[in-house]
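Fold and geometry: a report
Take a look at the letters that make up each chain.
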Amino acid sequence: MNRIYICRKCDEYTMELKCGCGRTSEDVRPPKYSPEDRYKKYRQDEKKKELAKRELY
Ligand SMILES: [Zn+2]
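These notes cover the structure that comes with them. (Residues numbered from 1 in each chain as written. Predicted model: local features only at pLDDT ≥ 70, side-chain atom pairs only at ≥ 80, totals over all residues. Heavy atoms only, no water.)

Okay, the pattern of salt bridges next. All chains considered together, the criterion is met by 5 salt bridges. Residue R8 pairs with E26 through a salt bridge whose shortest N-O separation is 3.0 Å. Residue R8 is located in the loop between β1 (5–7) and β2 (12–14), and its partner E26 is located in strand β3 (residues 26–27); the two are separated by 18 residues in the primary sequence. Take R8: its relative accessible area is 45%, and that puts it in the partly exposed class. (Salt bridge = Lys/Arg side-chain N within 4 Å of Asp/Glu carboxyl O. Helix = DSSP H or I, 4+ residues; strand = E, 2+ residues; numbered from the N terminus. Buried < 20%, exposed > 50% of the residue type's maximum accessible area, 1.4 Å probe, protein only.)

Following this line, the structure appears as structure tokens:
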């Protein structure tokens, strides 16, 4: 995953460590970690696996 930076001068997000305006961009914290969503996805994956198994046997 690429790091996202923000230029505080332009208030623009960028993938570059240095903004086009010449100012050094700052790290942006990654999106808030959500264990609930992750768990939900995991549950959905498990369900899919179960269905696949039932079709196989
Ligand atoms: Zn800038």
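Let's shift gears to the side chain of S25. Relative to the assigned elements, S25 resides in the loop between β2 and β3. According to the relative accessible area criterion, S25 is buried, its value standing at 5%. Discounting chain neighbours no more than four positions away, the residues touching S25 are Y5, I6, C7, T14, E16, L17, K18 and C19. (Contact = heavy atoms within 4.5 Å.)

Note on the zinc ion: its protein donors are C7 (SG), C10 (SG), C19 (SG) and C21 (SG). The metal-donor distances range over 2.1 to 2.4 Å. One can describe the site at the zinc ion as tetrahedral: its 4 donor atoms subtend angles covering 102 to 122° at the metal. Between the donor residues of the zinc ion, the gaps in sequence give the motif C-x2-C-x8-C-x1-C. Given the relative accessible area of 34%, C21 is considered partly exposed. (Donors = N, O, S within 2.8 Å, 3.2 Å for Na, K, Ca; no water. Tetrahedral: all angles 85-135°; square planar, octahedral: opposite > 155°, others 65-115°.)

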